[in-house]
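Close look at the chain arrangement
Chain residues, written in single-letter form:
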Amino acid sequence: MGLEPGELAVDDIEAAANRLYGLDIFGEVPYQYRDGQLTLKPVRKAWGPNYLRFGLGLEDDFDGRNHYRLGVALTATELNAAGGEWRTEAYLGDRPTLATEFHQPLGDAGAWYVRPGIGWRSFSRPLYEDDEALADFQIRQTGLNLTGGRTFGTTGDARIELFSARGSRERL
């Protein structure tokens, strides 16, 4: 949690409680500091640890191209002691997608992570010459990725991703 024995500043205690809350497995993280004794009492979320989300996406460029997607995502959390998480997403519509990834925190603090994944997607792209659309192509792509990185609190991360894909194209 990043706290050391001894005098504690309120900002340090709140930062530690926020880090616990940022794990996204606790609904609240109340704490009490009395007589030099710090007690954190995180309360697990009333829902989970697995989450199913649904979504609808609509896009229009007001120039004749529009897109729609209906999606579902299943996230399974707390898969191991380090906080491993598996996420699978599926989208239907004009850009169908099926993808899955496993997020594995590393080390005691879990700030470092590795995230392998695999996915398939299909989408169309126009071919242009001098701002004139000559043809549309349907592209189908299957890919593997391996991401490694480090989180910085609950506000950001730095990562490196290796990605390899194979695909096909077809003129529409």
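Now for a description of the structure that goes with this document. (Residues numbered from 1 in each chain as written. Predicted model: local features only at pLDDT ≥ 70, side-chain atom pairs only at ≥ 80, totals over all residues. Heavy atoms only, no water.)

1. Considerations on a negative patch on the surface
Applicable threshold: Patches were defined on residues exceeding 30% relative accessible area and lacking a salt bridge, with like-charge contacts within 9 Å and nonpolar side-chain contacts (Val, Leu, Ile, Met, Phe, Trp, Tyr) within 5 Å. Surface accessibility in these figures is a Shrake-Rupley result with a 1.4 Å probe; residues are shielded only by whichever protein chains are displayed. For salt bridges, the criterion is a side-chain nitrogen of Lys or Arg within 4 Å of an Asp or Glu carboxyl oxygen. Residues counted as positive are Lys and Arg, residues counted as negative are Asp and Glu, and His and the chain ends are not counted. Charge placement uses NZ in Lys and CZ in Arg. For Asp and Glu, CG and CD serve respectively. Numbering of helices and strands runs from the N terminus; a helix is a DSSP stretch of H or I covering at least four residues, while a strand is a stretch of E covering at least two.
A surface patch of negative charge is lined by Glu129, Asp130, Asp131 and Glu132. One can find Asp131 in the loop between β9 (112-129) and β10 (132-152).

2. Quick word on the pairing of strand β3 (residues 37-40)
The test is simple: Strands qualify as paired when DSSP identifies two bridges or more between them.
In terms of strand pairing, strand β2 (residues 31-34) meets β3 through 4 bridges, oriented antiparallel. Bridging across to β3, Arg34 finds its partner in Gln37.

3. A short note on the sheet that holds strand β8 (residues 97-106)
Quick reminder of the rule: Axis lines are fitted through C-alpha atoms, for helices just across the contact stretch, and the angle between N-to-C directions can take any value from 0 to 180 degrees.
Taken in spatial order, the 7 strands make up an open sheet running β5-β6-β7-β8-β9-β10-β11, and their pairing is antiparallel. The sheet is open, and its two edges are formed by β5 (50-60) and β11 (156-171), each paired on a single side. Each strand axis lies, on average, 20 degrees off the axis of its neighbour in the sheet, ignoring direction. Relative to β9, β8 is paired through 8 bridges, and the arrangement is antiparallel. Across the sheet, Ala99 pairs through a bridge with Gly119, a residue of β9.

4. Describing the side chain of Gln104
Under the convention used in this document: The buried label goes to any residue with under 20% of its type's maximum accessible area, the exposed label to any with over 50%, and the partly exposed label to all in between, with areas taken from a 1.4 Å probe on protein chains only. Think of a polar contact as two N or O atoms within 3.5 Å of one another; within protein, one of them needs to be a possible hydrogen donor and the other a possible acceptor, and neighboring residues in sequence only count if both atoms come from side chains.
In this fold, Gln104 is placed in strand β8. Residue class for Gln104 comes out buried when judged on its relative accessible area of 14%. A distance of 2.6 Å separates the side chain of Gln104 from the side chain of Asn80, its partner in a polar contact.

5. Overview of a nonpolar patch on the surface
Together, Leu56, Leu58, Tyr68, Leu70 and Leu92 make up a nonpolar patch on the protein surface, roughly 600 Å² of accessible area in all. Residue assignment for the nonpolar patch shows that the elements contributing at least two residues are β5 and β6 (66-76). Along the chain, Leu58 falls in strand β5.

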